[in-house]
Structure formats: structure tokens, C-alpha cells
Amino acid sequence: DTAVSQTPKYLVTQMGNDKSIKCEQNLGHDTMYWYKQDSKKFLKIMFSYNNKELIINETVPNRFSPKSPDKAHLNLHINSLELGDSAVYFCASSQGVGTSGRETQYFGPGTRLLVL
Amino acid sequence: AQSVTQLGSHVSVSEGALVLLRCNYSSSVPPYLFWYVQYPNQGLQLLLKYTSAATLVKGINGFEAEFKKSETSFHLTKPSAHMSDAAEYFCAVSGNTGGFKTIFGAGTRLFVKA
């Protein structure tokens, strides 16, 4: 069984479009994250939710909006896509409330977004 | 603020040789330190982590790392490289700084030659 799953795996779209990426975890974890990995493999956190509550909101354009319908799901909606949004987006989850920093994060396989 | 520096964006070793991937951290609070591995077209998975217990941490696939506070280092080693170890390796730091974000290093790509 896949622990952290993301859909779609690949996403190719035109500038200006709106798209969503979905993430689900079946580990029973309380905290979920979205990361962006750029072409140089640099990984940066975007958002984190604990039990559907936003607890990390990095300096991310407000075109990006996370939504957590329940603690097992964290979706990412992106409005008005730009060329610079092309990257790999990873969802992750961890046990506990995520406030100690010691928790192991479990990553999904990533969504490769290409904006043309 | 916390940060991580991985020395060497690429490391190449021969199969059977020692693997040494370097990581130095900066933290104003006692850090938690992690090594994650990313195989091509996959997500990251934990190799090992240091959370203030034993300073020598053993992980999966024969990897280990030693926390050295005096050197602010957490280098990753493996005595004998296998072809299957070829991947991207990320060092990461977190801690209770009022925000628990995990900060990742830029990654080191390990190449293993036959």
C-alpha cells in the first residue's frame, strides 16, 4: 500500500491556467506538508498543516492555496500558472503535531509540473 | 536561524570504496539532524536521524553518521559503496526555534563507478 500518494504524477499545462495537485496519506499522521523542488534539486517548504490547521505558510505567492479537507488529505491549488512554477512538488507527512522538529517526514513520489 | 551546508554537489566513488558525504549545520538551539536519500524520479526517504541520543547514528542500507557538536558536522559514511547507492542525498536540520521547519541542504549527488 502506498503511504503517501500524489496525483497527478505529471502535469503539463499552459501559462495562465489553474491546476490542482492532490495528496493523500494512509499513515494516520497528523501533519502534512508541501515542498517545491526546483531544477537544481533545492527543496523548500511551502506549507504545513496539522489536523487541517495551517501551521507553516512560507513566502509563497498567493496564487498557491493549500486546502486540507481532513487530516489525511492536503491539496494544492495553483492559479494563473507561470513559467517559474515549473518544478517538482512533493507532499509529505509526519506523526505528531510536528512542533518538535524531530519527526521523520514521509514523502510522496512527487508531481512534475511543467508550465509552457 | 538554522542552515545546512553540504560540501560537494557531486561525489564520485568506485564500487566497494568508502562513501563520505559532508554536512555542516548552523543552529542556535540543539539541532535535530537528518539524512534523506532520493532515488531518480522518487520522493525522499529517511536514511537516519540524530535527535540528541547517541552521537553515532546507524541507518538503513549500511549508512551511518556521527554528530560532532564541536565541528557542527553530521557527515554521512558507508564503508563500501554499492551501485544501488547512486542517488541524491540531502542533509537536513530542524529544531525548536519557535518554528519547527526542516531546512534541507542543497543535496549531494553520489555516483558509483563499476
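Look up: the structure comes first, before these words.
We now turn to the structure provided with this report. (Residues numbered from 1 in each chain as written. Chains lettered and ligands numbered in written order. Predicted model: local features only at pLDDT ≥ 70, side-chain atom pairs only at ≥ 80, totals over all residues. Heavy atoms only, no water.)

1. Considerations on the sheet that holds strand E1 (residues 3-7) of chain B
Residues and elements named next belong to chain B. Here we have five strands laid out as an open sheet, ordered E1-E3-E8-E7-E6, and antiparallel in their pairing. The sheet is open, and its two borders are formed by E1 and strand E6 (56-58), each paired with just one other strand. Strand-to-strand, the axes of this sheet are offset by a mean angle of 20°, without reference to chain direction. (Pairing = 2+ DSSP bridges. Helix = DSSP H or I, 4+ residues; strand = E, 2+ residues; numbered from the N terminus. Axes fitted to C-alpha atoms, helices over the stretch in contact; angles between N-to-C directions.)

2. Some details on the interface of chain A and chain B
Counting from both sides, the interface comprises 25 residues of chain A and, opposite them, 21 residues of chain B. When chain A packs against chain B, the two sides together hide about 1900 Å² of surface, and 54% of this comes from carbon and sulfur. Applying the counting rule to chain A against chain B returns one salt bridge. Notably, a salt bridge pairs Glu58 of chain A with Lys101 of chain B, separated by 3.1 Å at the nearest N-O pair. (Contact = heavy atoms within 4.5 Å. Buried area = accessible area lost by both parts, 1.4 Å probe. Salt bridge = Lys/Arg side-chain N within 4 Å of Asp/Glu carboxyl O.)

3. With respect to the nonpolar core
Within the largest apolar cluster, 27 residues are counted, with the highest numbers of intra-cluster contacts made by Trp35, Leu48, Phe74, Leu76 and Tyr89 of chain B. Apart from residues lying up to four places away in sequence, Leu76 of chain B is in contact with Val19, Leu20, Leu21, Trp35, Leu47, Leu48, Phe63, Glu64, Ala65 and Tyr89 of chain B. Counting 19 residues, the second largest nonpolar core, distinct from the first, contains Trp34, Met46, Leu76 and Tyr89 of chain A. (Core = buried A, V, L, I, M, F, W, Y, C linked by side-chain atoms within 4.5 Å. Buried < 20%, exposed > 50% of the residue type's maximum accessible area, 1.4 Å probe, protein only.)

4. Topic: the side chain of Gln37 of chain A
By the element assignment, Gln37 of chain A lies in strand E4 (residues 31-37). Residue Gln37 of chain A is classed as buried on the basis of its relative accessible area of 2%. Ignoring sequence-local partners within four residues, the contact set of Gln37 of chain A consists of Phe42, Leu43, Ala87, Val88 and Phe90 of chain A together with Gln38 and Phe90 of chain B.

5. Focus: the pairing of strand E5 (residues 44-50) of chain B
Residue and element names in this part refer to chain B. Strand direction decides the pairing type here: strand E4 (residues 32-38) and E5, joined by six bridges, are antiparallel. Each residue of the ladder has a partner; that of Gln38, found in E5, is Leu44. Once E4 ends, the chain turns through five residues before running back antiparallel as E5, passing Asn41 with a positive phi of about 60°.

6. Section: the environment of Glu82 of chain A
Residues and elements named next belong to chain A. Take Glu82: it is sitting in the loop between strand E8 (73-78) and strand E9 (87-94). In sequence terms Glu82 and Gln14 are 68 residues apart; their C-alpha atoms lie 8.3 Å from each other. Among the polar contacts listed, one links the side chain of Glu82 to the side chain of Arg63, at a separation of 3.5 Å. (Polar contact = N/O pair within 3.5 Å; in protein donor to acceptor, adjacent residues only side chain to side chain.)

7. What about the sheet that holds strand E7 (residues 64-70) of chain A?
Paired through their backbone hydrogen bonds, the strands of a sheet run either parallel or antiparallel. Residues and elements named next belong to chain A. If you trace the four strands from one edge of the open sheet to the other, you get E1-E3-E8-E7, paired in antiparallel fashion. What marks the edges here is a single partner per strand, and that holds for strand E1 (4-7) and E7. Strand-to-strand twist of the sheet, defined as the mean angle between neighbouring strand axes without regard to direction, takes the value 20°. Alignment of E7 against E8, held across five bridges, turns out to be antiparallel. Bridge assignment links Ser65 to a residue of E8, and that residue is His77.

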